[in-house]
Amino acid sequence: MKIAIVEDDINMRKSLEIAMSDYKEFEIITFKNAVDALKKLDESFDLIITDINMPKMDGIEFIKELNGRYEVIIMTGNATLSRAIESIQLGVKDFLLKPFDIDTLIEAIQREAKVQKVKKSVQEDSSTEDFLGSSPALEKVLSMAKKAAKTDASVLLLGESGVGKEVFASYIHKNSPRAQKPFVAINMAALPENLIESELFGFEKGAFTDATEAKAGQFELANGGTLFLDEIAEMPYGVQAKLLRALQEKEIRRLGSSKSIKVDIRVIAATNADLTCKIANKEFREDLYYRLNTIPLHIPPLRERKEEILPIAQAICVTHSKKYGFETKHFSKEAEQELQEYQWPGNIRELISVVERAVILSENNEIQKEDLFLEVKKIK
């Protein structure tokens, strides 16, 4: 398990690093502030442990910047109720008060490791269709997705953050002739700008200072299957030209190599940004846009699919009740009404977080309105 510790106090940082070195199952990387951490965090990290009060960027702002990409444990010596509530709303699972002994932290990490293991098994055992919903608005998009899946045409998934664009990409892959080949997903926003090119196309030994051995890029790993490029609008302008060439020529070249490698992949891209505005501002290539936009699919936000909210919420409730060893929980009438009236700016991703938290915090098998913490969000 790869863990990032973000702590500005050098003594605390070193103490944690030394204490946790005894646990060989953990790979620990430390950062002295959140700004440095954001530059280095990539998809290989499983967990973030962060202080709240730090220079340059505090822990709450840091968690907002992470945008749900990682599970987070907060440690702080200056806890307030408002900060605790805000961190819970952002999806933080554990809130540790300094000083704490190392066993307390290890227990929190091990709990999270178990949760991640269960989540992975649930994702592997679940059908993608279970998470898509069945409203008329979504059925239309699903119908187009099924037609697209039978071809190798590029698909551009459009919609707000959290609507389930990666779920749709996986659905298209699983219903395509490439279903038995790899499905490789990469999030442009999660990668430091200077690593995107090497992550996509790979590199040879000696291509740059830290390239101590050759590494295949995501294009090679997806060969024969589907490459999902999430948050495509975040791709640096210079790399866009190389992506376009790879799609047109169906070949890539590793950094530091003069040899071209043929690749056979189907590309699905996704964004919550307005790419036409990006094109007008010279932030996104128009030729790449047309290459990716063969079949555009607009996924409607959850607030336009009200009839899906309760069925999806209950399915999430059942899953997480099992995961945490509870009897299957259900929602009170007041909680159901609250779920349906809320606007869900974070869409499905937010719904999952809210229901998981409610399953954990509710005192009995009936989840009450207060367990959802949605009133606090409405006030904001």
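Residues numbered from 1 in each chain as written. Predicted model: local features only at pLDDT ≥ 70, side-chain atom pairs only at ≥ 80, totals over all residues. Heavy atoms only, no water.

**Remarks on the overall build of the protein**
Using the following cut-off: For the purposes of this entry, the term helix denotes a DSSP run of H or I that reaches at least four residues, the term strand denotes a run of E that reaches at least two, and both are numbered from the N terminus. Type-normalised accessible area, obtained with a 1.4 Å probe on protein chains alone, sets the label of each residue: buried when under 20%, exposed when over 50%, and partly exposed for intermediate values. Throughout, a residue-residue contact means that at least one pair of heavy atoms, one from each residue, lies within 4.5 Å.
Across its full length, the protein holds 16 helices and 16 strands. Buried residues in the protein amount to 46% of all 380 residues. Partitioning the intrachain contacts of the protein with sequence separation of at least 6 by distance along the chain shows that 72% fall at a separation of at least 24.

**Regarding unusual backbone geometry**
You will see that Lys56, though not glycine, has its phi angle at about 70°, which is positive. You can see Lys56 is positioned in the loop between strand 3 (47-51) and helix 3 (59-66). Judged by relative accessible area, which is 68%, Lys56 ranks as exposed. The backbone phi angle of Lys282 is positive, close to 60°, even though this residue is not glycine. By the secondary structure assignment, Lys282 is in the loop between helix 11 (275-280) and helix 12 (286-292).

**Thoughts on the packing of aromatic side chains**
How we decide: Pairing of aromatic rings covers Phe, Tyr and Trp, the last counted by its six-membered ring, and requires centre-to-centre distances within 6.5 Å; plane angles under 30 degrees mean stacked, over 60 mean edge-to-face, and any other angle means tilted. Counting as a charge over the ring demands two things of the Lys NZ or Arg CZ atom: a distance within 6 Å of the ring centre and an angle within 35 degrees of the ring normal.
All chains considered together, the criterion is met by seven aromatic pairs. Both rings, one in Tyr342 and one in Trp344, keep their centres 4.6 Å apart while their planes meet at 90°; by these two values the pair is edge-to-face. Of the residues examined, Trp344 reaches a relative accessible area of 0% and is grouped as buried. Taking the ring centre of Phe45 as reference, the NZ or CZ of Lys2 above it sits at 4.4 Å. Here the guanidinium or amino end of Lys329 rests over the ring plane of Phe326, the centre of that ring lying 4.4 Å away.

**Some remarks on the side chain of Asp230**
Under the convention used in this document: This count recognises Lys and Arg as positive and Asp and Glu as negative, with His and chain-terminal groups excluded. Salt bridge criterion: a side-chain nitrogen from Lys or Arg within 4 Å of a carboxyl oxygen from Asp or Glu.
One can find Asp230 in strand 10 (residues 226-230). There is no salt bridge for the buried Asp230, and the closest opposite charge comes from Lys165, which lies 5.5 Å off by N-O distance. Contacts of Asp230, omitting those with residues within four sequence positions, involve Lys165, Ile186, Asn187, Met188 and Ala270.

**Here we look at the sheet that holds strand 13 (residues 266-271)**
Defined as follows: Note on pairing: DSSP must find at least two bridges between two strands before they are called paired. Throughout, an axis means a line fitted to C-alpha atoms (over the contacting stretch in the case of helices), and angles, computed between N-to-C directions, take values from 0 to 180 degrees.
Pairing in this open sheet of five strands is parallel, and the strands run 7-10-13-6-14 from one edge to the other. For this open sheet the edge positions go to strand 7 (183-187) and strand 14 (295-298), each flanked by a neighbour on one side alone. Pairwise comparison of adjacent strand axes, ignoring direction, gives a mean angle of 20° for this sheet. Taken together, the four bridges between strand 6 (residues 155-158) and strand 14 define a ladder with parallel strand orientation. What sits directly across from Val155, in strand 14, is Ile295. Here helix 6 (residues 136-149) sits on the sheet in contact with strand 6, strand 13 and strand 14, set at roughly 155° to strand 14.

**A few points about the pattern of salt bridges**
Pairing between side chains of opposite charge can happen when the charged atoms of each approach one another. According to the stated counting rule, one finds 15 salt bridges in the structure shown. When the shortest N-O distance is used, the salt bridge between Arg245 and Glu251 registers 3.3 Å. We classify Arg245 as partly exposed; its relative accessible area is 36%. On the accessibility criterion, Glu251 (13% relative accessible area) is buried.

**Observations regarding the pairing of strand 2 (residues 27-31)**
Two faces, one strand: in a regular strand the side chains alternate between the faces of the sheet. For clarity, the cut-off: Classification remark: right-handed applies to a crossover when, strands pointing away from the viewer, the course from the first strand over the helix to the second runs clockwise.
Relative to strand 2, strand 1 (residues 2-6) runs parallel, the two sharing five bridges. Bridge pairing in strand 2 links Lys2 to Glu27. Considered for its hand, the β-α-β crossover made up of strand 1, helix 1 (residues 10-20) and strand 2 is right-handed.

**Let's talk about the packing of helix 13 (residues 306-323) against helix 15 (residues 347-361)**
Worth spelling out the cut-off: Roughly parallel here means an angle under 35 degrees, roughly antiparallel means over 145, roughly perpendicular means 65 to 115, and every remaining angle is called oblique. For any pair of crossing helices, the crossing counts as left-handed if the nearer helix is rotated counterclockwise from the farther one by less than a right angle, and right-handed if it is rotated clockwise. In the scheme used here, Gly and all other residues not listed as nonpolar or charged are polar, with Ala, Val, Leu, Ile, Met, Phe, Trp, Tyr, Cys and Pro taken as nonpolar and Asp, Glu, Lys and Arg as charged.
Contact geometry for helix 13 and helix 15: axes closest at 9 Å, N-to-C directions at 45°. Of the possible angle classes, the one that applies to helix 13 and helix 15 is oblique. Our pair here, helix 13 against helix 15, has a crossing hand that is right-handed. Seen from helix 13, the contacting residues are Ile309, Ile312, Ala313, Ile316, Cys317, His320, Ser321 and Lys323; seen from helix 15, they are Ile348, Leu351, Ile352, Val355, Glu356 and Val359. Here the residues of the contact of helix 13 with helix 15 are counted per class, giving ten nonpolar, two polar and two charged.

**Points about the pairing of strand 13**
Within strand 13, six of the six residues are buried, leaving the element largely enclosed by the surrounding structure. Summarising the sheet, strand 6 and strand 13 pair through four bridges and their orientation is parallel. Pairing of Leu158 across the sheet is with Thr271, part of strand 13. Here strand 10 runs beside strand 13; their pairing, made up of four bridges, is parallel. If you follow Thr226 over to strand 13, its bridge partner there is Arg266.

**Regarding the nonpolar core**
Grouped burial of nonpolar side chains is what soluble globular proteins tend to show. Our working definition: We define a nonpolar core as any set of buried Ala, Val, Leu, Ile, Met, Phe, Trp, Tyr and Cys residues linked to one another through side-chain atoms lying within 4.5 Å.
Grouped together as the largest cluster of nonpolar side chains are 32 residues, with contacts concentrated most on Leu200, Phe219, Leu229 and Ile232. Every element with two or more residues in this core is listed here: strand 6, strand 7, helix 8 (196-201), strand 10, helix 10 (237-249), strand 13, helix 11 and helix 12. Setting aside chain neighbours within four positions, we find Leu200 in contact with Ile186, Met188, Gly217, Gln218, Phe219, Leu229, Met235 and Val239. Ala335, Trp344, Ala358 and Leu374 belong to the second largest nonpolar core, which has 20 residues in total.

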